[in-house]
Amino acid sequence: MSVAPHVYDKDRRYAVLVVDMLYDFVYGKIKTDRALPIIPKSGDLADAARSADIPVFYPNDSHTRRDFEIQRWGEHAMRGTKGAKVIGALRPRKKDVEIPKTTYSSFHDTRLEKDLKRAYDGKGANTLILAGLHADCCVRHTCADAFFKGYETIVAEDAVNSFTELQYLTGLQYVKFWYLTDVLPTKKIVKLF
């Protein structure tokens, strides 16, 4: 059994990541109907973060035909298309930051870490709260890289999902065990703010 480390309890600086809530993931080429129920909770989480002056990031697939991931999933979230845009119900606000990515992790070959370090007047965020798709893929790989880079992570269990219930549960169990991720409902997370 794992226990989250809570290294930053005395100086907690949150950032919210809404991962891949894009037209192609929710309504399009690689859609899952399991994305629909998490839209309101993802929105509640982002709104609560904004109200508490917590930065909100949108790490999103933004592919070109050269991206290796296209070999696995086919063309989806192609840069410059509607499929690569955040769904209207969760559209980023003026202060939010969109982070284009070309593979599963929100950190791999992106500017996410640089932007996280700029938060809080250069002190940087140290605890990432994740919502979006998919618990067993992009959320999981983002938690992995966050762990490797020294960030604590929290996954909003009612604001993430996957193609199947088994994938969802496996994804949550994996990050909880291996990356010491706290897995909590949105209503508990927003009380931390």
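Rules of the game
Residues numbered from 1 in each chain as written. Predicted model: local features only at pLDDT ≥ 70, side-chain atom pairs only at ≥ 80, totals over all residues. Heavy atoms only, no water. 1 Å grid on protein atoms, 1.4 Å probe; cavity = no way out; pocket = protein on both sides within 12 Å on 5 of 7 lines; lining within 4 Å. Points joined across faces, edges and corners; volume = space filled by probe spheres on them. Nonpolar A, V, L, I, M, F, W, Y, C, P; charged D, E, K, R; others polar. Helix = DSSP H or I, 4+ residues; strand = E, 2+ residues; numbered from the N terminus. Pairing = 2+ DSSP bridges. Axes fitted to C-alpha atoms, helices over the stretch in contact; angles between N-to-C directions. Buried < 20%, exposed > 50% of the residue type's maximum accessible area, 1.4 Å probe, protein only. Salt bridge = Lys/Arg side-chain N within 4 Å of Asp/Glu carboxyl O. Core = buried A, V, L, I, M, F, W, Y, C linked by side-chain atoms within 4.5 Å. Contact = heavy atoms within 4.5 Å. Expected span 1.5 Å × (residues − 1). Arc of directions from axis to C-beta.

Visitor: Can you walk me through the layout of surface pockets in this structure?
Guide: Gaps left between atoms show up when a probe the size of a water molecule is rolled over them. What the largest pocket holds in volume is close to 320 Å³. Among the residues making up the lining of the largest pocket, the classes are represented as seven nonpolar, no polar and six charged. If you go around the second largest pocket, you meet 13 residues; those closest to its centre are Asn60, Ser62, Ala84, Lys85 and Glu98. Listing elements by their share of the lining of the second largest pocket, those giving two or more residues are strand E2 (56–61) and strand E3 (97–101). Taken together, the residues of the lining of the second largest pocket break down into five nonpolar, four polar and four charged.

Visitor: Could you clarify how one ought to interpret the sheet that holds strand E5 (residues 152–161) in this entry?
Guide: Hydrogen bonding along the main chain pairs the strands of a sheet, whether they run parallel or antiparallel. Read across the open sheet, the six strands follow the order E3-E2-E1-E4-E5-E6; overall the sheet is parallel. Every other strand in the sheet has two partners, leaving E3 and strand E6 (182–184) as the edge strands with one partner each. Ignoring which end each strand starts from, the neighbouring axes of this sheet average 25° apart. Bridge count between E5 and E6: three bridges; the pairing is parallel. Note that in E6 the partner of Ile154 across the bridge is Asp182.

Visitor: Looking at this structure, I do not really get the pairing of E2. What am I missing?
Guide: Strand residues, when the strand is regular, have side chains that alternate between the two faces of the sheet. When you tally the buried positions in E2, you get six out of six residues, the bulk of the element. Of the two faces of E2, the one carrying Val56, Tyr58 and Asn60 and the one carrying Phe57, Pro59 and Asp61 are both buried. Relative to E2, strand E1 (residues 14–19) is paired through two bridges, and the arrangement is parallel. Bridge pairing links Leu17 to Phe57 in E2. By the bridge criterion, five bridges tie E2 to E3 in an arrangement that is parallel. Along E3, the bridge assignment pairs Asn60 with Pro100.

Visitor: Teacher, can you tell me more about the pattern of salt bridges here?
Guide: If the charged atoms of two oppositely charged side chains come close together, the side chains can form a pair. Applying the stated rule across the entire model yields 14 salt bridges. A salt bridge links Glu113 to Lys149; the nearest nitrogen and oxygen atoms lie 3.2 Å apart. Remark: Lys149 occurs in the loop between helix H5 (138–148) and E5 and Glu113 occurs in helix H4 (residues 112–118); sequence separation between them is 36 residues. The exposure class assigned to Lys149 is partly exposed, which follows from its relative accessible area of 41%. Through salt bridges that share partners, Asp9, Arg12 and Glu152 make up one connected network.

Visitor: Explain the nonpolar core to me, please; I cannot follow it from the model alone.
Guide: Note on soluble globular proteins: their nonpolar side chains tend to be buried together. Residues Val16, Met21, Val26, Leu45, Val56, Ile129 and Leu133 are the most contacted members of the largest nonpolar core, which totals 29 residues. Of all the elements in the fold, those that place two or more residues in this core are E1, helix H1 (23–26), helix H2 (38–51), E2, strand E4 (127–133) and E5. Take this core: its biggest share by element is five residues, from H2. Once residues within four sequence positions are removed from consideration, Leu45 is found in contact with Val16, Ile129, Ala131, Ala156, Thr186, Ile189, Val190 and Phe193. In this structure, Val19, Ile99, Val175 and Tyr179 belong to the second largest nonpolar core, which totals 26 residues.

Visitor: How do you make sense of H2 when you look at a structure like this?
Guide: Residue pairs three or four apart in sequence face the same way in an α-helix, which turns once every 3.6 residues. Its 14 residues place the ends of H2 20 Å apart at the C-alpha level, agreeing with the 20 Å of an ideal helix rising 1.5 Å per residue. Contacts from the buried residues of H2 go to E1, H1, E2, E4, E5 and helix H7 (186–192). Immediately downstream of H2, the backbone of Asp53 shows phi near 60°, a positive value.

Visitor: How do you make sense of helix H6 (residues 165–178) when you look at a structure like this?
Guide: With 14 residues, H6 should reach 20 Å at 1.5 Å per residue; the first-to-last C-alpha distance of 20 Å fits that figure. Within the span of H6, buried status applies to Tyr168, Gly171, Leu172 and Val175. What you see down the axis of H6 is that its buried residues fit within an arc of 90°, all on one side. Set apart from the buried face of H6 by more than 90 degrees, the exposed residues are Leu166 and Gln173. Those residues of H6 hidden inside the fold are in contact with H5, E5 and E6. Just downstream of H6, Leu180 is the residue with a positive phi angle, here 55°.

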